[in-house]
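Per-entry structural report
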Amino acid sequence: CIRDSYHSVQLSTLAETSADMAIAVTFTNIAEAIGIIRAAGHIGIPIGMSFNLDPNGRLRSGPSLAEAIETVDTATDGAAAWYGTNCAHPLEFEPALAESGTWRERLRYIRPNAAKMDKIALCSLGHLEDGDPVELGGQMGEIARRFPRADILGGCCGTDERHLSEIAQNVNTVRGA
């Protein structure tokens, strides 16, 4: 498959280092996700897959996060180490997290944007928008409560040490750390 070979060059280079795993971030297309996960399997490097969601909590190509994870897992025999979402504010990915199903057990990686703005609008600003660190921390604490397997949490566009401090404080409070 062309997608497999396209990603194989990058993954082969990474596999020659002391890297423990690869992470594919901001993917919006199921077929491409399947390709990179298959390529990683052929090369023998574990890979995590992170999807990027639109303001309706769906991949830009149309499917829901649940549909994407279930479809990719079926096509790759569950080869991804884990799944996640990044580069979207919790208000964008919250609708996706409301869906039920076993796919939820595969969600471990959540890296939100700081601002409640569409990514296209954010890119047009010419600067990083930092949103409300306290609000973001609270939202991520609630997500950590609902998704106890999510253990790779952080920030994406516009986040800094204030956001990460609030996220850590809220997650630790929820998880009793």
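The structure contained in this document is the topic of the report that follows. For clarity, every value in this text was computed on a predicted model and none was experimentally measured.

Before going further, it helps to spend a moment on the overall build of the protein. In terms of helices and strands, the protein carries 7 helices and 5 strands. Each helix (α) and strand (β) of the protein, taken in turn from the N terminus, gives the series α-β-α-β-α-β-α-β-α-α-β-α. A compact globule built from 177 residues should have a C-alpha radius of gyration of about 16 Å, and the protein, at 16 Å, falls within 12% of that. The C-alpha extent of the protein, read off along each of the three principal axes, is 45 × 40 × 35 Å.

Read across the sheet, 5 strands follow the order β1-β2-β3-β4-β5 without closing on themselves; strand pairing throughout is parallel. Looking at which strands have only one partner, the edges of the open sheet turn out to be β1 (22-27) and β5 (152-153). Relative to strand β2 (residues 47-51), β1 runs parallel, the two sharing 4 bridges. Paired with Phe27 across the two strands is Phe51, which belongs to β2. Packed on one face of the sheet, helix α6 (residues 133-146) meets β4 (107-112) and β5 and runs near 175 degrees to β4.

Of note, Thr26 is a non-glycine position whose phi angle comes to about 60 degrees, a positive value. Along the polypeptide, Thr26 turns up in strand β1. The phi dihedral of Asp77 falls on the positive side, at around 55 degrees, and the residue is not glycine. Along the chain, Asp77 falls in the loop between α3 (65-76) and β3 (82-88). Judged by relative accessible area, which is 75%, Asp77 ranks as exposed.

Residues Met49, Phe51 and Leu65 are the most contacted members of the largest nonpolar core, which totals 39 residues. Per-element accounting of this core gives the leading share, 7 residues, to helix α2 (residues 30-43). Excluding residues that lie within four positions of it along the chain, Leu65 makes contacts with Phe51, Leu53, Gly57, Leu59, Gly84, Ala96, Leu97, Trp103 and Leu107.

A pair of packed helices can be characterised by two numbers: the angle between their axes and the separation between those axes. With their axes 10 Å apart at the nearest point, α2 and α3 run at an angle of 40 degrees to one another. Taken together, α2 and α3 sit at an angle that is classed as oblique. For the element pair α2 and α3, the recorded crossing hand is right-handed. Here Ile30, Ala33, Ile34, Ile37 and Arg38 of α2 come into contact with α3, specifically with Glu67, Ala68, Thr71, Val72, Ala75 and Thr76. Taken together, the residues of the contact of α2 with α3 break down into 7 nonpolar, 2 polar and 2 charged.

Reading the values: rules and limits
- Residues numbered from 1 in each chain as written.
- Predicted model: local features only at pLDDT ≥ 70, side-chain atom pairs only at ≥ 80, totals over all residues.
- Heavy atoms only, no water.
- Helix = DSSP H or I, 4+ residues; strand = E, 2+ residues; numbered from the N terminus.
- Rg over C-alpha atoms; globule rule 2.2 N^0.38 Å.
- Pairing = 2+ DSSP bridges.
- Contact = heavy atoms within 4.5 Å.
- Axes fitted to C-alpha atoms, helices over the stretch in contact; angles between N-to-C directions.
- Buried < 20%, exposed > 50% of the residue type's maximum accessible area, 1.4 Å probe, protein only.
- Core = buried A, V, L, I, M, F, W, Y, C linked by side-chain atoms within 4.5 Å.
- Parallel < 35°, antiparallel > 145°, perpendicular 65-115°, else oblique.
- Left-handed = near helix turned anticlockwise from the far one by under 90°.
- Nonpolar A, V, L, I, M, F, W, Y, C, P; charged D, E, K, R; others polar.

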